[in-house]
Amino acid sequence: MADDFELPQGAGMMENEDFGDTVFKVGEEKEIGKQGLKKLLVKEGEGWETPETGDEVEVHYTGTLLDDTKFDSSRDRGTPFKFKLGQGYFCPAFAIAVKTMKKDEKVLLTVKPQYGFGHQGREAIGNDVAVPPNATLMVDLELVSWKVVDEVTDDKKVLKKILKQGEGYERPNDGAVVKVKYTGKLEDGSIFEQKGSDEEPFEFMTGEEQVVDGLDRALMTMKKGEVASVSVAAEYGYQTEIKTDLAVVPPKSTLIYEVELVSFVKEKESWDMNTAEKIEAAGKKKEEGNALFKVGKYFRASKKYEKAAKYIEYDTSFSEEEKKQSKPLKVTCNLNNAACKLKLKDYTQAEKLCTKVLEIESQNVKALYRRAQAYIQTADLELAEMDIKKALEIDPNNRDVKLEYRALKEKQKEYNKKAAKFYGNMFARMSKLEELESGKSGSQKVETVNKEEGSDAMAVDGQSA
């Protein structure tokens, strides 16, 4: 199989079907799906897990024609063949079959032409014999191993390939203290960073920008003892050039980290706290957010305020005294988070947070003011004016609100000018069209008169010519 198999029409559709529930016994042959690909189980595999799209798999295979002529074999080369599920296949049949196989499972596949070399066949290449057109193939296939590849971020800019499985099921959360060992490399293999050792792992708290964002996020998906290779695009790494003790990292580089999560201690979750602990934790997170906001770290500050608010969001189990304590804290956290969202230009979330506050305190001037700011940025000028007017009714001398009202009036003038220009142009175009239509109508009348005048009119036209 040195040459690529032809990718048949409809193979991608078949790849997306789910064949994992088909049960096989040794010696039993079944069709996989409805496309005519047959699988005979030769040896059962281990466990119950099977590879999924995106995973990197290693297989051994021997391919023969129906007359037992061997056309290719990884076993003869002594090295398993590696490929990634879901990124194009040198053989569609492999991708389809492998998704139904367990580790060390061996099968015999009957591969119809559309999943092999198709109607073209394949010419002899080197020591590999030719494959005739429309040939049905027999493939002895073994799943040697695979490495799970997880999409850490929805945009697939941070990918994690598990090299060694971890233990248990717990993973670090935001704020956990982790101990790790890692090596950071560029795509050309040059090392730019190394942290931690067997004797002294590198210890830090997640969510505190002590490592690049992509690595931070990946660590929060890992189990204790897990070893992984993490690919981090520039959006979650370094956008500009940086210099380390080991190398220069060019701007917008993709970073490759090999990381081991040695151990971790999770930050206590809210469901593990009593009500007094929740209020205390919320107060602490709020102060951490304030400190970050003061130095312009709005994204991290927002996360702190968000976490603080979550600790005390549900207060049904709180005593009346605890509710009194948590209410102003809840208001402050949501208001401060709204200020962060405005700085981050996330105006929709800023509006939602202010609305949350106003549901608790309908006369809160800061919430009305910040929501008006969000509305102005989203061009909801009428809603902005309503909030500002209400804020001024409550606090007529508030300087910030007055300034915002002036800004709103300027925005409205600007909007009205643009609207007037737009409608002016539109009416001008409409008038022009009416004139053209009127002109056409006049021409048609002249033409009618000329026709009615008969040969004399034609003569005049002839003399003019």
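Criteria and thresholds
- Residues numbered from 1 in each chain as written.
- Predicted model: local features only at pLDDT ≥ 70, side-chain atom pairs only at ≥ 80, totals over all residues.
- Heavy atoms only, no water.
- Helix = DSSP H or I, 4+ residues; strand = E, 2+ residues; numbered from the N terminus.
- Buried < 20%, exposed > 50% of the residue type's maximum accessible area, 1.4 Å probe, protein only.
- Contact = heavy atoms within 4.5 Å.
- Areas by Shrake-Rupley, 256 points an atom, 1.4 Å probe, with all protein chains shown as cover.
- Phe/Tyr/Trp six-rings, centres within 6.5 Å; stacked < 30°, edge-to-face > 60°.
- Core = buried A, V, L, I, M, F, W, Y, C linked by side-chain atoms within 4.5 Å.
- Salt bridge = Lys/Arg side-chain N within 4 Å of Asp/Glu carboxyl O.

A. Region of the structure containing the overall build of the protein. A tally of helices and strands in the protein yields 12 helices and 16 strands. Going through the 465 residues of the protein one by one, you find that 41% of them count as buried. Considering only residue pairs separated by 6 or more positions, the protein has 66% of its internal contacts joining residues 24 or more positions apart. Element-wise, carbon and sulfur atoms account for 49% of the exposed surface of the protein, whose accessible area totals about 27,000 Å².

B. Region of interest: the packing of aromatic side chains. Scanning all chains against the criterion turns up 10 aromatic pairs. With 5.3 Å between their ring centres and 65° between their planes, Tyr-61 and Phe-94 make a pair best called edge-to-face. With Tyr-61 in strand β3 (residues 56–65) and Phe-94 in helix α3 (residues 92–98), the pair connects residues that are 33 residues apart, well separated along the chain. Of the residues examined, Tyr-61 reaches a relative accessible area of 1% and is grouped as buried. Taken together through their ring pairs, the aromatic side chains of Tyr-182, Phe-192, Phe-202, Phe-204 and Tyr-257 make up a single cluster.

C. Up close: the nonpolar core. Grouped together as the largest cluster of nonpolar side chains are 30 residues, with contacts concentrated most on Val-59, Val-98, Val-111, Leu-137 and Leu-141. Taken together, the elements giving at least two residues each to this core come down to β2 (37–43), β3, α3, β6 (106–111) and β7 (137–147). Ranked by the residues each element gives to this core, the list is headed by α3, at 6 residues. Ala-176, Val-180, Phe-192 and Leu-261 belong to the second-largest nonpolar core, a separate cluster that totals 28 residues.

D. Spatial organisation of the pattern of salt bridges. Within this structure, the stated rule accounts for 35 salt bridges. Measuring nitrogen to oxygen at the nearest pair gives 3.4 Å for the salt bridge that ties Glu-58 to Lys-82. In this pair, Glu-58 sits in strand β3 while Lys-82 sits in strand β5 (residues 81–84), placing the two residues 24 residues apart along the sequence.

E. A look at unusual backbone geometry. Residue Glu-209 is not a glycine yet carries a positive backbone phi of 60°. Considering the arrangement of structural elements, one finds Glu-209 in the loop between β12 (202–205) and α4 (213–219). Judged by its relative accessible area of 49%, Glu-209 is partly exposed. One non-glycine residue with positive phi stands out, namely Ala-379, at about 65°. Relative to the helices and strands, Ala-379 resides in the loop between α9 (365–377) and α10 (381–394).

F. Seen up close, the environment of Leu-85. Mapped onto the secondary structure, Leu-85 falls in the loop between β5 and α3. Distance in space between the C-alpha atoms of Leu-85 and Val-149 is 9.9 Å, their sequence separation being 64 residues. Those residues in contact with Leu-85, other than ones at most four positions away along the chain, are Pro-51, Glu-52, Thr-53, Gly-54, Asp-55, Val-57, Ala-95, Val-98 and Lys-99.

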